[in-house]
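Okay, here's what each chain looks like letter by letter:
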Amino acid sequence: DTGVSQDPRHKITKRGQNVTFRCDPISEHNRLYWYRQTLGQGPEFLTYFQNEAQLEKSRLLSDRFSAERPKGSFSTLEIQRTEQGDSAMYLCASSPGDRPMSYTFGSGTRLTVV
Amino acid sequence: GENVEQHPSTLSVQEGDSAVIKCTYSDSASNYFPWYKQELGKGPQLIIDIRSNVGEKKDQRIAVTLNKTAKHFSLHITETQPEDSAVYFCAAKTPSWGKLQFGAGTQVVVTP
C-alpha cells in the first residue's frame, strides 16, 4: 500500500481553462475527502464521498467545481473556467469505515492559475 | 458552523525545550480533536488525536489536553528536536459527520 496518491503534483493553467485532478485512496478505505489549502491557512473542506455516493458538499464548491467517485475507488475533481482565486493546494484524504476520522492525506496537487 | 482558532501562528524553540500550541473551538457538540503535522511539500499527517470523553492523551514526546468546558485543547511537544520543525494544525469534528474544521496552523521552528 503506497498511501493516498494524487496526480498531478503540480498544474499550471491559464485562466478560463478546465483542469482535472485525480486521487487514488488507500484501497480498503471507503471514505474519500477533498480539501483545499491556501498559503498560510489550514485545509478547507470541499466535499466527501462514502463509496461512490457524494454525501456532503461545501458552499466553497461553486458550480464550476465537480467531483466524482464513479466506482467507489479513485476520485476526480474538475474545475471549469478556472480563476486566479482557484490557485491553491488541493488535498485528498481517505479513511476506513471502522475509523472514519482517521484521515490519511495525499501530498496534494498544487494548482497555479495564471 | 464550527470555527477553530489556533495560536500562536509561529513558534520558535531551542532544541530540547517544550512547545505548546493552543486551539479553541466554537461548537460544543464537537467530539473529536486531531492534530496534524505538515512538512514542506507533503500532506498533513495525523500525529495524535483525542475524543471528548478523554481529558488528556500522551504518545511519547507529544501530548494533547482537552478542556470541554472552556472549549479549548492544546498540543504539547517535549524535548523538541530539529525534525519537529513543521506546520502543525489542530482540527475539530463538526456535527456534520465526516468533516473536520482545521485551524490556521502553527509554524514551529526548532533551532539546534
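One can find the structure itself at the top, above this paragraph.
Residues numbered from 1 in each chain as written. Chains lettered and ligands numbered in written order. Predicted model: local features only at pLDDT ≥ 70, side-chain atom pairs only at ≥ 80, totals over all residues. Heavy atoms only, no water.

Points about unusual backbone geometry
In this structure, the amide linkage connecting A:Asp7 to the following residue, A:Pro8, adopts the cis form with an omega of 0 degrees. Tracing the sequence through the fold places A:Pro8 in the loop between β1 (5–7) and β2 (10–13). Across the junction of B:His7 and B:Pro8, the peptide omega takes the value -5 degrees, indicating a cis bond. Mapped onto the elements of the fold, B:Pro8 is located in the loop between β1 (4–7) and β2 (10–14). Of note in the backbone geometry, A:Arg81 takes a positive phi value of approximately 50 degrees without being a glycine. Examined against the element boundaries, A:Arg81 turns out to sit in the loop between β8 (75–79) and β9 (88–95). Backbone geometry places B:Lys71, a non-glycine residue, at a positive phi of 55 degrees. Examined against the element boundaries, B:Lys71 turns out to sit in the loop between β7 (62–67) and β8 (72–77). Judged by relative accessible area, B:Lys71 falls into the partly exposed class, the value being 25%. (Helix = DSSP H or I, 4+ residues; strand = E, 2+ residues; numbered from the N terminus. Buried < 20%, exposed > 50% of the residue type's maximum accessible area, 1.4 Å probe, protein only.)

Some points on the environment of A:Arg99
All names here are of chain A. Along the chain, arginine 99 falls in the loop between β9 and β10 (104–105). For arginine 99, a relative accessible area of 48% translates into the label partly exposed. C-alpha separation for the pair arginine 99 and arginine 31, spaced 68 residues apart in sequence, amounts to 10.0 Å.

Focus: the side chain of A:Ser58
For A:Ser58, the location among the structural elements is in the loop between β6 (53–57) and β7 (65–68). What A:Ser58 contacts, discounting residues up to four positions off in sequence, is A:Phe45 and A:Leu46. (Contact = heavy atoms within 4.5 Å.)

Things to note about the interface of chain A and chain B
The interface of chain A with chain B comprises 20 residues on the first partner and 18 residues on the second. Buried surface at the junction of chain A and chain B, summed over both partners, amounts to about 1600 Å²; 57% is from carbon and sulfur atoms. Inspection of the chain A/chain B interface yields one salt bridge. With a closest N to O distance of 3.1 Å, A:Glu56 and B:Lys99 form a salt bridge. At the junction of chain A and chain B, the tally comes to five residue pairs in polar contact (both at pLDDT 80 or more). Going through the elements one at a time, β4 (31–37) and β5 (44–50) of chain A are the ones with two or more residues in the side of chain A that touches chain B. Broken down by element, the residue count for the side of chain A that touches chain B peaks at four residues, all from β4(A). Of the residues contributing to the side of chain A that touches chain B, the split by class is ten nonpolar, seven polar and three charged. (Buried area = accessible area lost by both parts, 1.4 Å probe. Salt bridge = Lys/Arg side-chain N within 4 Å of Asp/Glu carboxyl O. Polar contact = N/O pair within 3.5 Å; in protein donor to acceptor, adjacent residues only side chain to side chain. Nonpolar A, V, L, I, M, F, W, Y, C, P; charged D, E, K, R; others polar.)

Section: the sheet that holds strand β3 (residues 19–24) of chain A
Residue and element names in this part refer to chain A. One open sheet accounts for four strands, arranged β1-β3-β8-β7; its pairing is antiparallel. Only two strands of the sheet have a single partner each, and these edge strands are β1 and β7. Each neighbouring strand pair of the sheet contributes to a mean axis angle of 15 degrees, computed without reference to strand direction. Pairing between β1 and β3: three bridges, direction antiparallel. In the strand pairing of β3, glutamine 6 is matched with cysteine 23. (Pairing = 2+ DSSP bridges. Axes fitted to C-alpha atoms, helices over the stretch in contact; angles between N-to-C directions.)

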